[in-house]
Structures are given as structure tokens and as C-alpha cells.
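Residues per chain are reported as follows:
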Amino acid sequence: MGTFNHFYHKSYDERINIIGDFSELNSQELKSLYENHNERNNSLIENYITDYSLPEGIAVNFLINGEEKVAPMVTEEPSVIAAASNGARMFAKNGGLNAKVISSNLTGQIIVKTDNFNLLFGYVNTHRDKIIAVANNAHPSILKYGGGAKEVSVRQLDENYCSIDLFVDVAEAMGANIMNSMLEALANFLKTKASKDILMSILSNYSIDSLVTVSGSVKFSQLGKGNFSGKEVANKIVEASHIAQIDTYRATTHNKGIMNGIDAFVMAMGNDWRAVESGIHAYASRNGHYQGLSHFMIKEDTLYGEMTLPLSLGFIGGATKVLPKVKINQRIAKVHSKKELMQFAAAIGLAQNLAALKALVTEGIQKGHMNLQLNSLAMTAGSTDEELFTVVQSLRQMQNPNLTNAKQIIQNLRK
Ligand code: HMG
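Quick notes on the rules
- Residues numbered from 1 in each chain as written.
- Predicted model: local features only at pLDDT ≥ 70, side-chain atom pairs only at ≥ 80, totals over all residues.
- Heavy atoms only, no water.
- UniProt positions renumbered as here; feature names shortened; annotations may be inferred.
- Axes fitted to C-alpha atoms, helices over the stretch in contact; angles between N-to-C directions.
- Helix = DSSP H or I, 4+ residues; strand = E, 2+ residues; numbered from the N terminus.
- Parallel < 35°, antiparallel > 145°, perpendicular 65-115°, else oblique.
- Left-handed = near helix turned anticlockwise from the far one by under 90°.
- Contact = heavy atoms within 4.5 Å.
- Nonpolar A, V, L, I, M, F, W, Y, C, P; charged D, E, K, R; others polar.
- Pairing = 2+ DSSP bridges.

In the annotation of an unreviewed UniProt entry, the entry for the protein chain reads 3-hydroxy-3-methylglutaryl coenzyme A reductase, and the organism field reads Apilactobacillus apisilvae. In its Sequence similarities (unreviewed entry) section, the UniProt entry covering the protein chain states "Belongs to the HMG-CoA reductase family." As recorded by UniProt, the Pathway (unreviewed entry) comment attached to the protein chain reads in full: "Metabolic intermediate metabolism; (R)-mevalonate degradation; (S)-3-hydroxy-3-methylglutaryl-CoA from (R)-mevalonate: step 1/1."

Caption draft 1: Representation of the packing of helix α15 (residues 385-396) against helix α16 (residues 403-414) within the structure. Packing of α15 against α16 leaves a shortest axis separation of 10 Å and a crossing angle of 130 degrees. The angle between α15 and α16 places the two elements in the oblique class. The chirality of how α15 crosses α16 is right-handed. Side by side, α15 and α16 meet where E387, T390, V391, S394 and L395 of the first sit next to N405, A406, I409, I410, L413 and R414 of the second. A class-by-class count of the residues in the contact of α15 with α16 yields 6 nonpolar, 3 polar and 2 charged.

Caption draft 2: Structural view of the sheet that holds strand β3 (residues 98-101). An order of β3-β8-β10-β9 is seen for the 4 strands of this open sheet, with the pairing classed as antiparallel. Of all strands in the sheet, those with a lone pairing partner are β3 and β9 (294-299), marking the two edges. Strand after strand, the sheet turns through a mean of 15 degrees between neighbouring axes, direction not considered. Strand direction decides the pairing type here: β9 and strand β10 (residues 302-310), joined by 6 bridges, are antiparallel. Bridging from a neighbouring strand, I298 pairs with L303 of β10. Strand contacts of helix α10 (residues 273-284): β8 (211-219) and β10, with the helix running at about 115 degrees to β10, the strand carrying the most contacts. Along the sheet face, helix α13 (residues 338-361) touches β3, β8, β9 and β10 and points at about 40 degrees away from the line of β8.

If you want it as C-alpha cells, here you go:
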């Protein structure tokens, strides 16, 4: 255990030597860590050793609130970007996606230990203005941007605990630091001035006061595939959307498909995708069991899709400032505000979902997905860059391309 004592005090070179010895890395592996390190990132995270890069691509064909857009997406998964472009294209042919931010406040909690809910409730109601003022004084600059603490309420958690919930408009920021500073100042005030027994204070990622809604429709004529007419495909997508409402197994995969798009966009935009994920999945369970986030239905001669979800994103501050690609990605996406960012993320989720559902209820996911997965399969099997094209061509001609086949093709090629 002594090897890593005060690891964080060591210089970069010392760290690399220590990890090299400990994990018995060869010189090639060490070289790869070293060549991909960036001094700047040493200050960003702790015990830094290297950069771990992921591919970024552009999903095209988005028409959102009447504006043509493209979406930068960071993902390692083949077919995600093709599917997002495919879904966006289907919606765009019938007017595109309409997205609207319903609310964009951050929620924070102060957990109070008390068996007297009524007393706490009365205190918070009587001192509401003072509580809001204490919160705002902890981060007064937010008022300049039209933000600030807006509301406070009390919830009973059980017979011993209550939560004081603070709702803050954090303007264009993601706002975690703003919220946490306000909560800690408020907790201190409640402790010292009102003798409240405070357990902890922290923002909540259950961002139900940061909701965005998106909808769009696709003409039956855009949905036909193989032997299936557009109307048949539309009806099958409606059924698939229903199954995601009644079965958790299916809902989880249904939502994973939506998150394929949202996460990849949120990462490209330098936002905290763990916060987004936890908030969205909690929201998917708000009715007591986990359900699909999107709903598809038939409206006249179209398939209509809609989805509402919490998306607490930031346009400025945090990693958006530190990661150099984020500013470029904001320009590529032509987003100029938090509101547009939230709308775009939701739109990508719905487009991604439509493409996946259409594939699932028609030709199956493997055809389109595996077609684009062949490069990845060839690389996993050990193909060099020079061999890649030939290996993929051979795999494409196979009925069931798999890793064993790929390895065999490479072996034959090398003979
Ligand atoms: P297709 O119908 O063969 O494609 O779809 P197409 O040739 O008709 O093209 C339609 C559009 O798709 C194109 O429009 C492109 O925008 C895009 P165009 O530019 O030609 O006017 N497109 C591509 N973009 C970039 N590179 C490509 C490409 N091909 C088409 N190579 C496609 C093929 C793969 C798009 C389709 O089968 C599809 O959308 N499949 C869904 C794939 C998917 O969802 N993948 C995610 C991984 S699977 C998963 O994790 C989620 C899941 O489990 C979720 C769930 O269960 O709900 C499925």
C-alpha cells in the first residue's frame, strides 16, 4: 500500500514510473501514456497520467424549431450518429422537431433532523424572504444575470427528517457551485440563528424544475421499410412505445437508446453526463416504476412522438470553460444559450429513439448496427490500419460476421 502514499504529491514523471513498475507496463504502453498526456489536464483532475480520447462526429439533418442544425456527438459506439441523423431526417421531412424549455431552475436540499415538521414548515414560511436573501447573499453576482434563489419549501422525508428545498435560477451556468455555496450559507444560518439540526446540504440531480419537452411527427410515407408499409411501421412503433411503458426490462433498453444520443451530445458540450443520467432515470421512475421516456402515437396520417425530461445543463462555466473543444462544438451546434442546449439535447434523444425503434420493428437492429460495427469488429480482432478495408469487405460478405471470422480473415491475409 505504501507505493501510492501521497501519490498526488509526485511529479508527473515519478507517477508514470510508479504506475509503470506497479502494473508492469512495457515501454510501448508507457510511451502511449506519456505521448498522450497534456500538462494542462494535470490541473484538471487528480493523479493525472494521460488523456483518454473518444471519437467525435456530427449528426446531421436536424430541424429544431424551424432552424437547421447539426449535432456534435462524442461516442465510441458505431451506428449511434448514423441513427441520430436518420431519425432527425425523418422528422425534418415533416416540419422538424419542436422543443420547448418548461422551466430551468436548479433544486438544492438541506436535510434537517427534526420530528416536528409543522414547526419547521412554519419557520420556513414565516422567514421565507430572509432565507431567500441569505441564499442570494452567498452568490450575489448571479442576480446581475437575472438569476438567484426563487423559492423555498419543506418536505417531510420520514418521522425524523425533513428536506428544505431551495429553487435557484442559475442563469446560463450549470450552477452546481452556485447552488452549493447558497445551501451551505443557508445551512449555517439555520444552524446558528434558528438552532436547526442540519445533516447536510447539497444540490439535487433530480432536476424536475428543469424540464424540456420535444415533439415531432413523421408522415407514414417516410416510414416504409422492406415489406412493411409506412402505416404498419408507425403502428409497430406505437406498440413498441407502449411496451416501454409496461415493462421495465424493455423501458431500460428503450431509454438507453435515447441516452445514446443525449449523452454523446452532453459530453461534446462539456457537461456533467452523470448528473444528466441520474436525473433522467429518476424521472423515468416518477410513477412508481421505471418507464420509457418517450411516447409515440398515431395522429391522422402521421406517427407523432413526444418526450419530456429533466435536463439541467450549463452553457457557461465548469468544464465548458476548461475543455477547449466545447466552444468549437457550441459553434458547430449553433447553440447560444442554455435554453437552446436543453432543447437540442432533448431533440437528439427523440430522433435517436425513433431510428432505433424503426430498426427494431422492421429489419431488426443487427442489420444497420452490425454493418457499421464491422470496422470495430475488425479492429477488435487485431486488424492493422492497412488491413482494415479488406477485412471489413470480407466480413460484409458473411452471413454472421463475428470475432472468430474476423480473426480468421486476418490470419489468412497475413499468410
Ligand atoms: P438505413 O435505413 O439503411 O439508411 O439506416 P438509409 O441509407 O436510408 O439512410 C438514412 C439516413 O441515415 C441517411 O440519410 C443518413 O443521414 C443516415 P442520407 O444522408 O442518406 O439522406 N445514415 C448514415 N449516416 C452516417 N453514416 C452512415 C449512415 N447510414 C445512414 N453509414 C441506419 C441505417 C444504421 C441509420 C438505421 O438502420 C438505424 O437508424 N438503425 C438504428 C441504429 C441504432 O439505434 N444504433 C444504436 C446502437 S443500438 C442501441 O444501443 C440502442 C437500442 O438498443 C435501443 C432500443 O432498443 O430502443 C437499439
